[in-house]
Amino acid sequence: MKLDEFFVTGDPLIYGADVSIALTLIGAIFVLTYFKKWKWLWTEWLTTVDHKKLGVMYIIAAVLMLFRGGVDALLMRAQLTVPDSSFLDANHYNEIFTTHGTIMIIFMAMPFLIGLINVVVPLQIGARDVAYPFLNAVSFWTFFMGAMLFNISFVIGGSPSAGWTSYVPLAGLELSPGVGQNYYLLGLQIAGIGTLLTGINFLVTILKMRVPSMKLMQMPMFTWSSLITMVIIIFAFPVLTVALALMTFDRLFGSHFFTMMDGGMPMLWANLFWIWGHPEVYIVILPAFGMFSEIISTFARKTLFGYKAMVYSMVVIAGLSFLVWVHHFFTMGAGGAVNSFFSITTMLIAVPTGVKIFNWLFTLYKGRIRFTTAMLWSLAFIPNFVIGGVTGVMLAMAAADYQYHNTYFLVAHFHYVLISGTVYACFAGLYFWYPKMFNHRLNERLGKWSFWIFVAGFNLCFFPMYFLGLAGMPRRIYTYGIGDGWMSLNVLATFGGVLMGIGFLILVYNIYYSFRYSPRETTGDPWDARTLEWSTPAPVPHYNFAHLPEAKGHDAFWIMKEEKKQGKAPEKKPYKPIHMPSYSGVPIIMSVFFFIAGFGMVFSWHWMSILGLIGVLATMVIRSFDYDKGFYVSVEEIEETEKKTTL
Amino acid sequence: MSNNEQTNSHSHFPWSHLIGFGLSIVLTLLALWVGFASDFSFRTIMIIVVILALIQAAIQLLMFMHITESDSSRIQVGTILYAVFIAAAIVAGTIWVMSFGMHNMNM
Ligand code: HEM
Ligand SMILES: [Cu+2]
């Protein structure tokens with residue numbers, strides 16, 4: 001392979017990206033060297049197994065990916081604003097919507113949620129870390145390396161262009177001969193390892209590491225939603241793993257699972273993809289539901305209405321979400337019986353979802369509501385998500401779906417559920433738990449500006465798309481003619497898209513601004529909140545809890561505060577040494593080897609993939625013979641820390 | 001239940017893991033051989049491969065997933081029922097979806 005085939009050439013946008021990547025790298029290296037921060041970076045962050053730090057790294061990576069995916073989105077909007085535009089050519093447009101979709105779901109939504117889960121859930125259940133801290137680091141680093149592998153595709157070798165769903169035969173070797181599709185397969189495969197490990201890790205953590213006094217039916221709703229999410233992850237992700245592996249075999253080793261010829265079944269890919277894909281949309285929405293529950297209950301100053309109904313509706317969703325996948329390809333024409341069956345299951349799943357909406361409304365009812373930024377995001381979520389859900393039920397009718405399928409109507413539906421569900425939740429959760437992570441709040445004034453601009457932009461951008469879809473505009477087209485009559489709504493959509501971009505930039509600026517100017521927290525409980533994570537002092541010590549807290553019911557911390565008001569202060573017990581896991585460099589090194597192996601497979605440089613895999617195996621062996629059993633935090637250190645922290 | 005305390009039950013050599021690992025590899029190679037190099041009919045090959053897969057699943061559950069060593073059987077039974085339900089839904093569903101109506105399509 002020649003060098004000019006290795007690097008993507010010929011497009012000014014790509015050269016721009018090359019330059020900015022190089023500049024960012026040089027800048028980062030310079031700053032780290034100048035301030036002598038390399039050692040600090042390695043010992044404090046890159047080798048950490050602390051769930052709070054891993055959570056923060058997840059969130060930073062997710063925000064970066066949101067930026068990348070957002071730039072992709074604005075490029076698409078720029079292209080579609082006017083008819084017959086020649087800003088992007090067809091292939092470039094295909095690449096951009098493919099990377100946009102993949103990045104937003106796999107490398108933005110999931111890590112953002114998993115990041116918040118990492119930070120919050122162990123604190124909510126009174127644990128000092130997750131069940132498998134080392135594995136947690138492996139999760140993060142495999143996700144990160146998978147994401148990086150996917151992201152370099154657009155400067156090295158070329159991006160995938162067959163859509164985030166990668167339907168064959170389009171994604172097969174004949175129609176997608178370049179390395180782009182390989183990046184998709186390997187990037188997702190490596191990141192998927194991390195997700196599956198997270199699923200196992202948090203399932204065990206939530207079931208086994210709770211403070212003994214916390215019963216299952218007393219867990220905070222975010223913890224419950226995380227638990228259900230982990231169950232879905234554990235059952236859904238292996239399907240993706242297998243499907244990706246089979247397509248990788250098809251493309252790299254000449255097998256015929258999904259090919260048109262030699263007995264392959266192209267539609268089997270779509271089938272397997274959506275067996276994972278539909279549960280996946282619930283993986284990214286359930287934690288969001290959990291966060292809204294916490295935030296709404298905190299700022300309405302009431303316990304959550306209908307706790308049990310919430311839990312059971314999620315359990316039902318966990319079962320049903322595996323029974324609806326065919327609604328993504330009704331138009332394959334599997335026949336009346338199949339389509340009717342999956343039509344009905346799809347409509348059924350809207351029921352538990354609707355139950356939850358009513359629960360939030362009743363929680364708000366007669367509450368003393370405080371309109372913080374986190375609460376605003378949660379309030380805006382309810383009506384916007386209802387729009388997404390109702391149009392989802394419209395799509396669920398198989399006969400009608402023949403009209404809606406692959407039009408902008410569908411695009412509007414899934415953005416209404418994904419943005420006003422998942423993305424609003426990520427922002428709400430970020431504002432809400434920011435003081436737990438960084439010991440200061442995000443500025444509320446800037447926060448509200450960003451909120452209003454983003455929400456207005458979102459509705460301006462995506463509501464018109466319903467009508468574009470009804471007017472017949474297909475999704476995934478790179479341009480249209482003046483005679484189609486789609487221009488005015490597209491202009492509106494682009495305008496909304498720009499507003500969302502501005503809202504996001506204000507949020508990023510807010511992070512910088514608050515870092516500089518926000519007062520530091522003096523208590524661990526800035527919002528007068530209800531669950532155990534707020535009982536930790538500010539900043540949260542690395543061992544989380546000097547004494548394990550006691551959970552006496554729902555909203556355990558609220559109960560503690562009430563008891564304190566009645567003068568029932570808990571007696572002071574002496575500290576005991578706390579056992580904590582040691583940091584380790586193995587996870588990041590192992591993941592770098594995964595990256596090398598993946599990169600080798602992308603280019604079919606088998607020597608390189610074998611070297612990479614040997615490296616992976618070697619790091620695993622090293623880990624197996626590692627008898628480090630962690631260390632004890634001494635009583636003196638605990639006393640020192642507890643004196644410094646404010647409570 | 002002690003938070004964060006590692007139990008020390010793994011001080012002995014992990015024989016069951018090693019045996020399970022070895023058996024899994026052998027079974028996989030066997031399946032490959034049956035698929036690529038044997039002269040059985042297509043039908044027989046399919047049957048053998050499925051049986052080998054089921055054996056391997058059982059081995060994994062026993063040797064790695066410690067299916068027999070739980071203290072709370074309620075959770076255990078629950079997860080197994082759920083797993084069986086999902087597996088059945090996926091496999092039966094896929095066969096149904098992928099074959100239904102396909103005779104109209106010259107397949
Ligand atoms: C009220 C419950 C819901 C119903 C009834 C529903 C129904 C549907 C249906 C029938 C389709 C396929 C339409 C077509 O391709 O023609 C679809 C697509 C989609 N839905 Fe939903 N949905 C619901 C909730 C959600 C949620 C909560 C999410 C994610 C947070 C979501 C994300 C998506 C995505 C990403 C797609 C399209 C993927 C693609 O083709 O690229 N949906 N939905
Ligand atoms: Cu779906």
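Everything below is about the structure shown above.
Everything numeric here is computed off the predicted structure, so don't read it as measured data.

Thresholds, definitions, all that
- Residues numbered from 1 in each chain as written.
- Chains lettered and ligands numbered in written order.
- Predicted model: local features only at pLDDT ≥ 70, side-chain atom pairs only at ≥ 80, totals over all residues.
- Heavy atoms only, no water.
- Donors = N, O, S within 2.8 Å, 3.2 Å for Na, K, Ca; no water.
- Helix = DSSP H or I, 4+ residues; strand = E, 2+ residues; numbered from the N terminus.
- Buried < 20%, exposed > 50% of the residue type's maximum accessible area, 1.4 Å probe, protein only.
- 1 Å grid on protein atoms, 1.4 Å probe; cavity = no way out; pocket = protein on both sides within 12 Å on 5 of 7 lines; lining within 4 Å.
- Points joined across faces, edges and corners; volume = space filled by probe spheres on them.
- Nonpolar A, V, L, I, M, F, W, Y, C, P; charged D, E, K, R; others polar.
- Contact = heavy atoms within 4.5 Å.
- Buried area = accessible area lost by both parts, 1.4 Å probe.
- Salt bridge = Lys/Arg side-chain N within 4 Å of Asp/Glu carboxyl O.
- Near = heavy atom within 4 Å.
- Polar contact = N/O pair within 3.5 Å; in protein donor to acceptor, adjacent residues only side chain to side chain.

### Topic: the coordination of the copper ion (ligand 2)
Around a metal, the idealised angle for a tetrahedral arrangement of four donor atoms is 109.5 degrees; for an octahedral arrangement of six donor atoms it is 90 or 180 degrees. All names here are of chain A. The protein atoms that coordinate the copper ion (ligand 2) are His278 (ND1), His327 (NE2) and His328 (NE2), at distances spanning 1.9 to 2.0 Å. Donor residues for the copper ion (ligand 2) sit on one chain with the sequence pattern H-x48-H-H. Between the copper ion (ligand 2) and the iron atom of ligand 1, a separation of 4.5 Å is found. Pair noted here: His278 is in helix α9 (residues 266-299) and His327 is in the loop between α10 (307-320) and α11 (336-364), with a separation of 49 residues, a long-range link. The pair His278 / His327 is uniform in exposure class, with both members buried.

### Section: empty space enclosed by the protein
Residues and elements named next belong to chain A. Overall, the coordinates contain three cavities of 30 Å³ or more when judged by the stated rule. There is about 60 Å³ of room inside the largest cavity. Along its surface, the largest cavity is lined by Tyr58, Ile106, Met110, Pro111, Ile114, Phe143, Ala191, Gly194, Thr195 and Thr198. Listed by contribution, the elements that provide at least two residues to the lining of the largest cavity are α5 (90-124) and α7 (180-208). Among the residues forming the lining of the largest cavity, the class breakdown is seven nonpolar, three polar and no charged. Roughly 50 Å³ of internal volume is contained in the second largest cavity. Lining the second largest cavity are Met110, Leu113, Ile114, Ile117, Thr229, Met230, Ile233, Ile283, Val284 and Pro287. Only α5, α8 (221-253) and α9 provide two or more residues apiece to the lining of the second largest cavity. Ranked by residue count, the leading element in the lining of the second largest cavity is α5, at four residues. Considered class by class, the residues forming the lining of the second largest cavity number nine nonpolar, one polar and no charged.

### A word on the interface of chain B and chain A
Taken together, the contact pairs 21 residues of chain B with 35 residues of chain A. Approximately 2,500 Å² of surface area, both sides summed, lies buried where chain B meets chain A, with 71% of it carried by carbon and sulfur atoms. Classifying every residue of the side of chain B that touches chain A by side-chain character gives 12 nonpolar, seven polar and two charged.

### Concerning the coordination of the iron atom of ligand 1
A lone protein donor binds the iron atom of ligand 1: His413(A) (NE2), at 2.2 Å. With respect to the helices and strands, the residue His413(A) is situated in helix α14 (residues 408-438).

### Some details on the pattern of salt bridges
Two side chains with opposite charge may pair up if their charged atoms get near one another. Residues and elements named next belong to chain A. Under the counting rule described, the total for this entry stands at 12 salt bridges over all chains. The shortest N-O distance in the salt bridge between Lys565 and Glu562 comes to 3.3 Å. Of this pair, Lys565 and Glu562 are both found in helix α17 (residues 556-565), three residues apart, which corresponds to roughly one turn of the helix. By sharing partners, the salt bridges in this structure join Asp525, Asp528 and Lys561 into a single network.

### Focus: the site of ligand 1
All names here are of chain A. In the vicinity of ligand 1 there are 23 residues, among which Trp164, Asp401, His405, His413 and Arg475 approach most closely. A distance of 2.8 Å separates an oxygen atom of ligand 1 from a polar atom in the side chain of Trp164. In the environment of ligand 1, an oxygen atom lies 2.8 Å from a nitrogen or oxygen atom belonging to the side chain of Arg475. Sorting elements by how many residues they give to the shell around ligand 1 places helix α12 (residues 373-396) first, with six residues. Here the residues of the shell around ligand 1 are counted per class, giving 14 nonpolar, seven polar and two charged.

Shape is all these values report; function is a separate question.
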